Structures are given as structure tokens and as C-alpha cells.
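Summary of the model geometry
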Amino acid sequence: MKIISNMKKKIVDFICSLHGYLIRLKEIHWNTNNNSEHLLCDEISDALSDCEDRFTECAMGMEGIHFRIGDLKPMLPHAESLIPMLKELEKEIIEMEDSLTSKKDVGLINILDEMIENCNKFKYRASQK
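Residues numbered from 1 in each chain as written. Predicted model: local features only at pLDDT ≥ 70, side-chain atom pairs only at ≥ 80, totals over all residues. Heavy atoms only, no water.

1. What to know about the overall build of the protein chain
- Secondary structure summary: the protein chain contains four helices and zero strands in total.
- Walking the protein chain from its N terminus toward its C terminus, one meets helices and strands in the order α-α-α-α.
- At 15 Å, the protein chain has a C-alpha radius of gyration in line with the 14 Å of a compact globule built from 129 residues.
- The proportion of buried residues among the 129 residues of the protein chain is 44%.
- When contacts within the protein chain are restricted to residue pairs at least 6 apart in sequence, long-range pairs at least 24 apart make up 79% of them.
- Carbon and sulfur atoms make up 54% of the accessible area of the protein chain, which amounts to about 7,400 Å² in all.
- In the protein chain, 17 positive and 23 negative side-chain charges are present, and the distance between their average locations comes to 3 Å. (Helix = DSSP H or I, 4+ residues; strand = E, 2+ residues; numbered from the N terminus. Rg over C-alpha atoms; globule rule 2.2 N^0.38 Å. Buried < 20%, exposed > 50% of the residue type's maximum accessible area, 1.4 Å probe, protein only. Contact = heavy atoms within 4.5 Å. Areas by Shrake-Rupley, 256 points an atom, 1.4 Å probe, with all protein chains shown as cover. Lys, Arg positive; Asp, Glu negative; His and termini not counted. Charge placed at Lys NZ, Arg CZ, Asp CG, Glu CD.)

Below, the structure is given as C-alpha cells:
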């Protein structure tokens, strides 16, 4: 079995970043005094977790590798509130998508497109009071 170093660093870093966003979402979820934001964080977390799983499994399938326990280290975003965090996430997703240029990357790109759609939907929902 190949090891993680065979996978493109940008993809590994992106997966670590996605996991960092899930941690930050949980922090926002537990820190809010607003029940609608609390519940929205749960929805965002569910959607992001699903996309993180699909993206990672697609990347592993493309590269023919498995991540070992301890291979992935979460990277936390800078933003500490919901809408700025979603904007930061969207920027990282677009940068990741822009870096994928091969036709074989279409599976990853499809997942990234869904993630951008979710970011915009959740930015709108987070703006509602």
C-alpha cells in the first residue's frame, strides 16, 4: 500500500483544512447564544462532514492509498464567527478547485462545486435573524 506522501500535498492539506473547519464549527456551535445559529452550525457540520468524507474517499481512490491513523492533522481556519468562516472556507474551496486541472479530477471538482453551493446557501441562512 502506498503511503500518504504519494498524494498531492495540496489535496492532503485541503483535507486537513476541512477537518479544521469542522472543529471551528463545533466551537462556534458551543459558543453561540443564538439557538438558530446553534442549529445552523449542526446543519453546516453535517453537510461539510459529508463532503469531507466524499472528497477524501474520492482522492484516496484516485491515488490508490489509505490514510493511516495519525496521518492527518487538522488545520484551523482564522475566522472565529460563522459568516467570516464560511467566506474563508469558500475561498479555500475555490483555490482548491482552481488547482485541479486534469480530466481525472472531475469527481473532486463535483464535490467542490457542491461545497461552494453549500457555502453560499449557509451564508444566506446565517444572515437571517
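Having seen the structure, we can now continue with the description.
2. Concerning the nonpolar core
- Counting residues in each nonpolar core, the largest one holds 38 residues, and the members touching the most others are Phe55, Leu82 and Met115.
- Broken down by secondary-structure element, the contributors of at least two residues to this core are α1 (9–31), α2 (35–63), α3 (82–99) and α4 (106–127).
- The dominant element in this core, judged by the number of residues it contributes, is α1, at ten residues.
- Setting aside residues no more than four positions away along its own chain, Leu82 makes contact with Leu25, Ile28, Glu37, Leu40, Cys41, Ile44 and Ala126. (Core = buried A, V, L, I, M, F, W, Y, C linked by side-chain atoms within 4.5 Å.)

3. Comments concerning the environment of Lys26
- For Lys26, the position within the fold is in helix α1.
- In sequence terms Lys26 and Ser45 are 19 residues apart; their C-alpha atoms lie 7.8 Å from each other.

4. Section: the packing of aromatic side chains
- If you walk through the whole model with that rule in mind, you get one aromatic pair.
- Here Phe14 and Phe55 contribute two aromatic rings whose centre-to-centre distance is 5.1 Å and whose plane-to-plane angle is 65°, an arrangement assigned as edge-to-face. Within this pair, whereas Phe14 is found in helix α1, its partner Phe55 is found in helix α2, the two being separated by 41 residues in sequence. By the burial criterion, Phe14 is buried, and Phe55 matches it. (Phe/Tyr/Trp six-rings, centres within 6.5 Å; stacked < 30°, edge-to-face > 60°.)

5. Remarks on the pattern of salt bridges
- Here the structure, examined in full by the defined rule, presents nine salt bridges.
- Measuring nitrogen to oxygen at the nearest pair gives 2.6 Å for the salt bridge that ties Asp13 to Lys9. Separated by four residues within a single helix, Asp13 and Lys9 lie in helix α1, roughly one turn from each other.
- Among the residues examined, Asp13 registers a relative accessible area of 26% and is labelled partly exposed.
- Taking the shortest distance from any N to any O, the salt bridge between Asp50 and Arg54 comes out at 3.4 Å. Note that Asp50 and Arg54 are positioned in helix α2 at a spacing of four residues, about one turn of the helix.
- Asp50 sits in the partly exposed class, given a relative accessible area of 37%.
- Its relative accessible area of 30% is what places Arg54 among the partly exposed residues.
- Shared partners join several salt bridges into a network, and the residues in it are Asp50, Arg54 and Glu114. (Salt bridge = Lys/Arg side-chain N within 4 Å of Asp/Glu carboxyl O.)

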